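# Working through the structure, step by step
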Protein chains: 2
Amino acid sequence: MSLTDEELEQFKELAEEKHFRQLKETLCDMNEVDVAEVISELTPEKALVTFRLLPKDLAADAFVCLDVDVQKSIIAALDDRELHAIIEDLAIDDAVDMVEELPASMVKRILKQATPQTRNLINQFLQYPDNSAGTIMTAEYVALRPQMTVEQAFAYIRKNGVDKETIYTCYVITPSRKLLGVVTLKDLLMNPYEMTVEEIMDDNIIFAHTTDDQEEVAGVFNKYGLLAMPVVDNESRLVGIVTIDDIVDVMEQEATEDFQKMAAMAPSEKPYMKTSVFELSKNRLPWLFVLMLSSTISGKILNHYEAAFAVMPILVTFIPTLMDTGGNSGSQASTLIIRGIATGEIEPKNILRIVWKELRVGMLCGSMLAAVNFIRLIIFYPGNTLVCLTVAISMFFTVILAKVLGVVLPITAKVIHLDPALVASPMLTTIVDACSMVIYFTIACQMLPI
Amino acid sequence: MSLTDEELEQFKELAEEKHFRQLKETLCDMNEVDVAEVISELTPEKALVTFRLLPKDLAADAFVCLDVDVQKSIIAALDDRELHAIIEDLAIDDAVDMVEELPASMVKRILKQATPQTRNLINQFLQYPDNSAGTIMTAEYVALRPQMTVEQAFAYIRKNGVDKETIYTCYVITPSRKLLGVVTLKDLLMNPYEMTVEEIMDDNIIFAHTTDDQEEVAGVFNKYGLLAMPVVDNESRLVGIVTIDDIVDVMEQEATEDFQKMAAMAPSEKPYMKTSVFELSKNRLPWLFVLMLSSTISGKILNHYEAAFAVMPILVTFIPTLMDTGGNSGSQASTLIIRGIATGEIEPKNILRIVWKELRVGMLCGSMLAAVNFIRLIIFYPGNTLVCLTVAISMFFTVILAKVLGVVLPITAKVIHLDPALVASPMLTTIVDACSMVIYFTIACQMLPI
């Protein structure tokens, strides 16, 4: 299926030895994703020659799959006629994605080669807010009229369907582009030729507005198992469709952003390997500063009990274990809750049930961890029974507190319309750390001769 | 689009007041997902009456969307004839999913009502390894013969397509079910009626084996932007197809599992709200034990330097800040790497470039964090310049080390065929903690009069 390294080497050799006819024949039989992979592996010069060998359709399809750097070098070398062919062959969403990545001078040249209609569409698409349905939709859909018969609809699709993103879901609109209904190719195929589109279309339409958030659109897609969804403007006019492949990208991107936020970073769509050292640092430093400064609260608490561990230095030995176990216990709970909120499984109204659940999980986990820890300490620090007991009791309460905070924090964030992943996860460890120290030294002061 | 709480209330009232005719009429116009939501909200008794009102097709579609508990109570109340209708109307993958969830006695009753053919299929599907392509595929696909003309193919699809999972991609097979090629409905539609399927099919097939891992299958789906993929057995015979909606589920599930693993939990497919306190604890305790015991290494290190903080108790105050900042710095790096490996962006062969990148990020972040921390400490602890300098230098080296370990650990895990999310992430904090303490006290012993 995917190309092996050896196959890629063979393609490189073919290009180096200028066996272009053989190269072309092999590439023409291949998937555009693989063709793009081959072109990316060649030297810029050979890549350009190879790209020009490709039939027009395959060239446009493969072009979309290329890295921006390779796209740039190809665009720079193409003449205006070739550029015109490429830009007109691209789906409008792919053209917009490309235009957003390329430097301004190149964009100017590209837009000059586009037809006024394409240019207007690209400009319109560029104006939708970031991460909205408008930015992931495409304008290449099949639109039918309600009065058409099934036979006419088929004739229309056969004539106009070639360049559409999908022909399997068709959209029924009025002359003013108001969306009336949806009809699948399957519906058309399963009904007699004489029936009208209006009779078989589904007018119970699931649609999105151009300004809807892409994550919400993805949620609706998943809920109803859709392959495509129409997007309308403020006046209910059909302006584009979002297809499942775009939704798959959105899901992957949103999951990646949640991973980044939960690890205390500013989310970034840019692939790691293409992000500069400076950018990576810029994404990471703000939270590191905040957390560094807030972790001094734990330091202040320790400061407060300085007298305690001046008398009993052994108490310090158990600080890492308590802090780490508390942090781990809390992040287990918060991760499940944050992910549950993201996938829609967990809703804030369930907070009491969830806290009750985590309270019991905390008691179960806490008592087992405390017991094991107590036995271990008794063996390694014989004669210090009271110290061992102090650590065990602190462990028990720390774990319970961590579990409860781990669910309360993200749900509270959600309720006050903050991003649970962004707020709750990075702050949790710091808060649990501070609390665990207060618990530890409060219990120590009660139980030990300090 | 989605049902509002008020709409759900209205449906409940209709059922309570036994306006079943009106209820039926409204439900028949709705999406099966919403119908299932309505049924779930009703009392078991009303749910059953409502379910029986639905037309056969809608009933089967809605049944799949119901929670297991509701499914159970409905199955218990259906007579054998009704049960037969449901089971024969389900797609085979949905039937298998249901059978896996239900108690054995119910499964027995269901299988008894299925035709021998369905029963054999279900039993065959149940035997595929967990998380393999075999478990997510379905057997409802359109199979064509190579000699068919386009016209014959259309006639065949019109006759047999109704119950298929998708009719938009058709599979061309020999009488012994060997897979020859793939033809889309679009290809059929865009070609003359006289041409044969063989002439227009694509024989460059992207396919999976029944035993392939579902995560790999999802990767190929995304790479090539597929809507469906054929699955073959050891003898290259077509046994089923995987469709994009299954892949979307796989992606969500795999992301959830990675979140769980990175938060040091045993991965679980079960939704949080349906997981018992005992199960939740069972998933969380193993790593908590491992991490609690391994964090005592940091304790041992502190133990070793007991003399140091008996002389200078102030040193203890800065331990949380160093540990937390180290842990956060490391998990930022490891999260990006683990996610990059999961999405296929990062490959082990890039390790040197990545380490070099993180080394520079570490130096940049480390120096800024050290500088800010130094200034802050100088203000709050005047006269302790050497101590402040010790903390700042330790901070600098801890951040660099954490960043480098954060990338080396997951990539090493990948190279030795361990799961990066499972191994690298939970261990990282513990390792960074221990290292940061060694760095801190080594520098302290050099710079301070201990």
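That block above? That's the structure.
Now for a quick tour of the structure. (Residues numbered from 1 in each chain as written. Chains lettered and ligands numbered in written order. Predicted model: local features only at pLDDT ≥ 70, side-chain atom pairs only at ≥ 80, totals over all residues. Heavy atoms only, no water.)

### Details of the overall build of chain A
The cut-off we apply is this: A run of DSSP states H or I qualifies as a helix once it reaches four residues; a run of E qualifies as a strand once it reaches two. Both are numbered from the N-terminal end. With the radius of gyration taken over C-alpha atoms, the globule rule is written as 2.2 Å times the number of residues to the power 0.38. Note on exposure labels: buried denotes an accessible area under 20% of the residue type's maximum, exposed denotes more than 50%, and partly exposed covers the range between, all computed with a 1.4 Å probe on protein chains only. For this analysis, residues touch if any pair of their heavy atoms sits within 4.5 Å. Reported accessibility uses the Shrake-Rupley method at a 1.4 Å probe radius. Residues are deemed covered only where the shown protein chains occlude them. In this count, Lys and Arg are taken as positive residues and Asp and Glu as negative ones, while His and the chain termini are left out. Where a charge lies is defined by one atom per residue type: Lys uses NZ, Arg uses CZ, Asp uses CG and Glu uses CD.
Looking only at helices and strands, chain A features 23 helices and 6 strands. Compactness check: chain A gives a C-alpha radius of gyration of 30 Å against a globular reference of 22 Å for 450 residues, more than 25% above the reference. Across its three principal axes, chain A shows a C-alpha extent of roughly 90 × 60 × 40 Å. Evaluated residue by residue, chain A yields a buried proportion of 54% over its 450 residues. Considering only contacts in chain A between residues 6 or more positions apart, those separated by 24 or more positions represent 68%. Within the structure as shown, chain A displays about 19,500 Å² of accessible surface, and the carbon and sulfur contribution to it stands at 56%. Both charge centroids of chain A, one from 36 positive and one from 61 negative side chains, sit 3 Å from each other.

### Quick word on the pairing of strand 6 (residues 238–243) of chain A
Residues and elements named next belong to chain A. Keep this limit in mind: Strands are treated as partners if at least two bridges between them are detected by DSSP.
Across the 6 residues of strand 6, 6 count as buried, placing the element largely inside the fold. Pairing geometry for strand 5 (residues 228–232) and strand 6, over 5 bridges, is antiparallel. When the sheet's bridge partners are listed, valine 231 is paired in strand 6 with glycine 240. As consecutive antiparallel partners, strand 5 and strand 6 are separated by 5 residues, and within that stretch serine 236 has a phi angle of approximately 60°, a positive value.

### Considering the interface of chain A and chain B
Going by this rule: Buried surface area refers to the total accessible area, computed with a probe of radius 1.4 Å, that the two partners give up upon joining, counted for both partners together. Only one rule defines a salt bridge in this text: a Lys or Arg side-chain nitrogen within 4 Å of an Asp or Glu carboxyl oxygen. Any pair of nitrogen or oxygen atoms within 3.5 Å is treated as a polar contact; in protein, a donor-acceptor pairing is required on top of that, and neighbouring residues in sequence qualify only through side-chain atoms on both sides. For this classification, the nonpolar set comprises Ala, Val, Leu, Ile, Met, Phe, Trp, Tyr, Cys and Pro, the charged set comprises Asp, Glu, Lys and Arg, and every other residue, Gly included, is treated as polar.
Listed per partner, the contact involves 113 residues of chain A and 112 residues of chain B. Note on chain A versus chain B: buried area summed over both sides is about 10,500 Å², and carbon and sulfur give 67% of it. On the chain A side of the contact with chain B, A:Phe259, A:Tyr272 and A:Met273 bury the most area, a combined 8% of that side's loss. Counting across the interface, chain A meets chain B through 6 salt bridges. Across the pair B:Glu37 and A:Lys223 runs a salt bridge, and its minimum N-O distance is 3.2 Å. Taken together, chain A and chain B are joined by 42 residue pairs in polar contact (both at pLDDT 80 or more). Looking at the side of chain A that touches chain B, the element that brings in the most residues is helix 17 (residues 277–304) of chain A, giving 18 residues. Taken together, the residues of the side of chain A that touches chain B break down into 62 nonpolar, 28 polar and 23 charged.

### Some remarks on the packing of helix 21 (residues 351–380) of chain B against helix 22 (residues 385–415) of chain B
Residue and element names in this part refer to chain B. Quick reminder of the rule: Each axis is a line fitted through C-alpha atoms, and for a helix only the stretch in contact is used; angles between axes span 0 to 180 degrees, taken between their N-to-C directions. When describing relative orientation, an angle under 35 degrees is termed roughly parallel and one over 145 degrees roughly antiparallel, while 65 to 115 degrees is termed roughly perpendicular and anything else oblique. A crossing counts as left-handed when the near helix is turned anticlockwise from the far one by less than a right angle, and as right-handed when that turn is clockwise.
Where helix 21 contacts helix 22, the two axes come as close as 8 Å, and the packing angle between them is 155°. Classified by the angle between their axes, helix 21 and helix 22 sit roughly antiparallel to one another. For the element pair helix 21 and helix 22, the recorded crossing hand is right-handed. Among the residues making up the contact of helix 21 with helix 22, the classes are represented as 24 nonpolar, 5 polar and 2 charged.

### Let's talk about the nonpolar core
A general tendency of soluble globular proteins is for nonpolar side chains to be buried together. What counts here: As used here, the term nonpolar core means buried Ala, Val, Leu, Ile, Met, Phe, Trp, Tyr and Cys residues forming a set that is joined through side-chain atoms within 4.5 Å.
Within the largest apolar cluster, 134 residues are counted, with the highest numbers of intra-cluster contacts made by A:Phe51, A:Leu54, B:Phe51 and B:Leu54. The contacts of A:Phe51, once residues within four sequence positions are left out, are A:Ile39, A:Ala59, A:Phe63, A:Ile74, A:Leu78 and A:Ile86.

### What about the sheet that holds strand 5 (residues 228–232) of chain B?
The strands making up a sheet associate through hydrogen bonds between their backbones, and the pairing can be parallel or antiparallel. All names here are of chain B. Read from one edge to the other, the open sheet built from 3 strands follows the order 4-5-6, with strand pairing classed as mixed. Looking at which strands have only one partner, the edges of the open sheet turn out to be strand 4 (208–209) and strand 6 (238–243). Sheet strands in contact with helix 15 (residues 214–224) are strand 4, strand 5 and strand 6, and its direction is about 140° off that of strand 5.

### Some details on the environment of A:His19
With respect to the secondary-structure elements, A:His19 resides in the loop between helix 1 (5–16) and helix 2 (20–28). Accessibility expressed as a relative area gives 35% for A:His19, which makes it partly exposed.

### Focus: the relation of the copies chain A and chain B
So the rule is basically this: Here the copies are superposed with least squares, the fitted atoms being C-alpha atoms of residues at a pLDDT of at least 70 in both.
In the superposition of chain A on chain B (RMSD 0.1 Å, axial shift 0.0 Å), the rotation amounts to 180°. Taken together, these values place the two copies in the relation of a two-fold axis. Residue A:Ala310 of chain A places its C-alpha closer to the rotation axis than any other residue of that unit, at 2.8 Å. Interface overlap between copies is the fraction of interface residues in one copy that are interface residues in the other; for chain A against chain B it reaches 99%, indicating a shared surface.

### Things to note about the pattern of salt bridges
For the coordinates displayed, the defined rule picks out 30 salt bridges over all chains. With a closest N to O distance of 3.3 Å, B:Asp67 and B:Lys274 form a salt bridge. Placement of the pair is B:Asp67 in the loop between helix 5 (56–65) and helix 6 (68–77) and B:Lys274 in the loop between helix 16 (244–262) and helix 17 (277–304), with a sequence separation of 207 residues. Its relative accessible area of 44% is what places B:Lys274 among the partly exposed residues. A single network of salt bridges, built from pairs that share partners, joins A:Glu9, A:Lys12 and A:Glu41.

### Re the packing of helix 20 (residues 319–343) of chain B against helix 23 (residues 420–447) of chain B
Residue and element names in this part refer to chain B. One way to put it is that helix 20 packs onto helix 23 with a least axis distance of 9 Å and a crossing angle of 150°. Between helix 20 and helix 23, the crossing angle belongs to the class labelled roughly antiparallel. Crossing angle aside, the handedness with which helix 20 passes helix 23 is right-handed. Touching Ile319, Leu322, Met323, Gly326, Gly327, Gly330, Ser331, Ser334, Ile338 and Ile341 of helix 20 are Pro420, Ala421, Ala424, Ser425, Leu428, Val432, Asp433, Ser436, Met437 and Tyr440, all from helix 23. Among the residues making up the contact of helix 20 with helix 23, the classes are represented as 12 nonpolar, 7 polar and 1 charged.

These results come straight from atomic positions and should not be treated as a statement about function.
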